[in-house]
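Okay, here's what each chain looks like letter by letter:
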Amino acid sequence: MVRVAIAGASGYTGFELIRILSQHPQAELNMITSRGQAGQRLDAFYPAFRGHCSLTFEYPDPDKLASEADLVFTALPHQAAMDLVPELLKRNLKVVDLSADYRFRDAGVYESWYQKHKTPELLPGAIYGLPELYREHIKTARLVGNPGCYPTSIILATAPLLSKALIDPGTLIADSKSGVSGAGRGASLGVHFCEVNEGFKAYKVGEHRHTPEIEQELSFLAGQKINITFTPHLVPMTRGILSTVYSSLQDGVTPAMVDEAFHSFYANAPFVRLCGSKAFPDTLQVRGSNYCDLGWRVDERTRRVVVVSVIDNLTRGASGQAVCNMNLMSGLPEESGLDTAPWQP
Ligand SMILES: NC(=O)C1=CN([C@@H]2O[C@H](COP(=O)(O)OP(=O)(O)OC[C@H]3O[C@@H](n4cnc5c(N)ncnc54)[C@H](OP(=O)(O)O)[C@@H]3O)[C@@H](O)[C@H]2O)C=CC1
Ligand SMILES: CC(=O)N[C@@H](CCC(=O)OP(=O)(O)O)C(=O)O
């Protein structure tokens, strides 16, 4: 059994971690933290857990976390994570951090989009937690920077095309739509029911902080610096992300070559399901699961390939992927605790 704890368990990704871990056959969830809810029983705060988890929220004390767990999920906002993560590593704990604080190889890039990094010396040892790209590195990692939700959907849609050099990397455009839970549980005007219901809007156009994260990984795959046009949208649904990714094909690339690239790249990826070149996935078909479903089409008229990628932002885009990383870091099967069918409808 892997002994685990969650710091920041009262938020949405914390809830999703508890949901998955309380049914995981090889994980023992021993401690959950929240500053605001310390002393409160989980099943009083989230009645959904009645009969499933009898833990009480505690204050995020690193010594207590070290006595209760071998691995800690930090489901905290950016900046708060980099205060706690170094304390956990000093106490010999493994960490899967759900914030952006340990996703970047270059502290300068992080600092130009977020804020000053307090522990840049930890970045070279942190592994970007996308199993389809870094499975072997994750297995020996002590610190994993769990990917952002939009980057997960976009990188998985693009990786086969870039790794086989089938597209012109300068032509990438990603148009993404997210459910409102992507903004977390903290109330703000932008996610107020009346501001979101029955509407559909683009936001942070040309300036979303997931842009450099996507570019970091796509540049690594392509072996050259890539810039992408990324436009996020907010849609009035609770969970899910759908990304449509466009790029121009290199001369001579055929639809069969595109099909082959997807099938060979994901031949051993249990959480990527290929819908093929004529079927396009829906966010409902991955809801509550760790799957990323992909559909694509070559448009011969424009010589572009269009890829549609869907994930559940709270599961594959955050907590499911984090548990997958825990499995790999702990020598467990990648699918352990995650091999459940989605919830559709
Ligand atoms: N929502 C999503 O779809 C995704 C979220 N993420 C990332 O995961 C992390 C958690 O997100 P989410 O669960 O949505 O966020 P929430 O706002 O829903 O929850 C945040 C949690 O962190 C705790 N917290 C807040 N501020 C601090 C602080 N300064 N120090 C310590 N604890 C703090 C909160 O409890 P308390 O204040 O009581 O301590 C709460 O438990 C974030 O970094 C987010 O960017 C990544 C991918 C997708
Ligand atoms: C709908 C919505 O607001 N989504 C969030 C997604 C960010 C997120 O949760 O990811 P990080 O961990 O990288 O911050 C946003 O656009 O900021």
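Per chain, residue numbering runs from 1 following the sequence as it is written. Working convention: letters from A go to chains and numbers from 1 go to ligands, in the order in which they are written. Only residues with pLDDT of at least 70 are given local features in this predicted model, and only at 80 or more are side-chain atom pairs given and counted; all residues enter the totals for whole chains, interfaces and linings.

- Looking at an unreviewed UniProt entry, the protein carries the name N-acetyl-gamma-glutamyl-phosphate reductase, with the source organism given as Desulforhabdus amnigena.
- UniProt positions are given in the numbering used here, feature names are shortened, and annotations may be inferred rather than shown by experiment. The protein has a UniProt comment under Catalytic activity (unreviewed entry) that states "N-acetyl-L-glutamate 5-semialdehyde + phosphate + NADP(+) = N-acetyl-L-glutamyl 5-phosphate + NADPH + H(+)".
- Regarding the protein, the UniProt comment filed under Sequence similarities (unreviewed entry) reads as follows: "Belongs to the NAGSA dehydrogenase family. Type 1 subfamily."

Considering the packing of helix α1 (residues 12-21) against helix α11 (residues 315-329)
Consideration 1: Where α1 contacts α11, the axes come no closer than 9 Å and their chain directions differ by 45°. Taken together, α1 and α11 sit at an angle that is classed as oblique. Considering only the axes of α1 and α11, their crossing is right-handed. The residues of α11 that touch α1, namely those facing Thr-13, Glu-16, Leu-17, Ile-20 and Leu-21, are Thr-315, Ala-318, Ser-319, Gly-320, Ala-322 and Val-323.
Consideration 2: Here the residues of the contact of α1 with α11 sort into six nonpolar, four polar and one charged. Axis definition: a line fitted to C-alpha atoms, limited for helices to the stretch in contact. Angles are taken between N-to-C directions and run from 0 to 180 degrees. Helical segments are the DSSP runs of H or I of at least four residues, strand segments are the runs of E of at least two, and each set is numbered from the N terminus. For this classification, under 35 degrees means roughly parallel, over 145 means roughly antiparallel, 65 to 115 means roughly perpendicular, and everything else is oblique. Each crossing gets its hand from how the near helix is turned against the far one by less than a right angle, where anticlockwise is left-handed and clockwise is right-handed. By the convention adopted here, residues are in contact when the distance between their C-beta atoms, placed from the backbone, does not exceed 7 Å. Three residue categories are used. Nonpolar comprises Ala, Val, Leu, Ile, Met, Phe, Trp, Tyr, Cys and Pro, charged comprises Asp, Glu, Lys and Arg, and polar comprises the others, including Gly.

Here's the deal with the sheet that holds strand β7 (residues 143-145)
Consideration 1: Across the sheet, seven strands lie side by side as β3-β2-β1-β4-β5-β7-β6; this open sheet has parallel pairing. Each end of this open sheet is capped by a strand with a single partner; those strands are β3 (57-58) and β6 (127-128).
Consideration 2: The pairing criterion for strands is at least two bridges between them, as found by DSSP. Where strand β2 (residues 27-33) and β3 come together, two bridges link them in parallel fashion. Across the sheet, residue Ile-32 finds its bridge partner in β3, namely Phe-57.

Comments concerning the site of ligand 2
Consideration 1: We call a residue near a molecule or strand when the C-beta position, derived from backbone atoms, sits within 6 Å of it. Neighbouring residues of ligand 2: Ser-99, Ala-100, Gly-148, Cys-149, Ser-178, Gly-182, Ala-183, His-210, Pro-232 and Leu-234.
Consideration 2: Across the shell around ligand 2, the residue classes break down as five nonpolar, five polar and no charged.

What about α1?
Consideration 1: Three exposure classes are used, based on other C-beta atoms lying within 10 Å of a residue's own C-beta, which is placed from the backbone: buried for 20 or more, exposed for 12 or fewer, and partly exposed in between. Within α1, nine of the 10 residues are buried, leaving the element largely enclosed by the surrounding structure.
Consideration 2: Among all positions in α1, only Tyr-12, Thr-13, Gly-14, Phe-15, Glu-16, Leu-17, Ile-18, Ile-20 and Leu-21 are buried.
Consideration 3: On its buried side, α1 packs onto β1 (2-7), β2, α2 (42-45), β4 (71-74) and α11.

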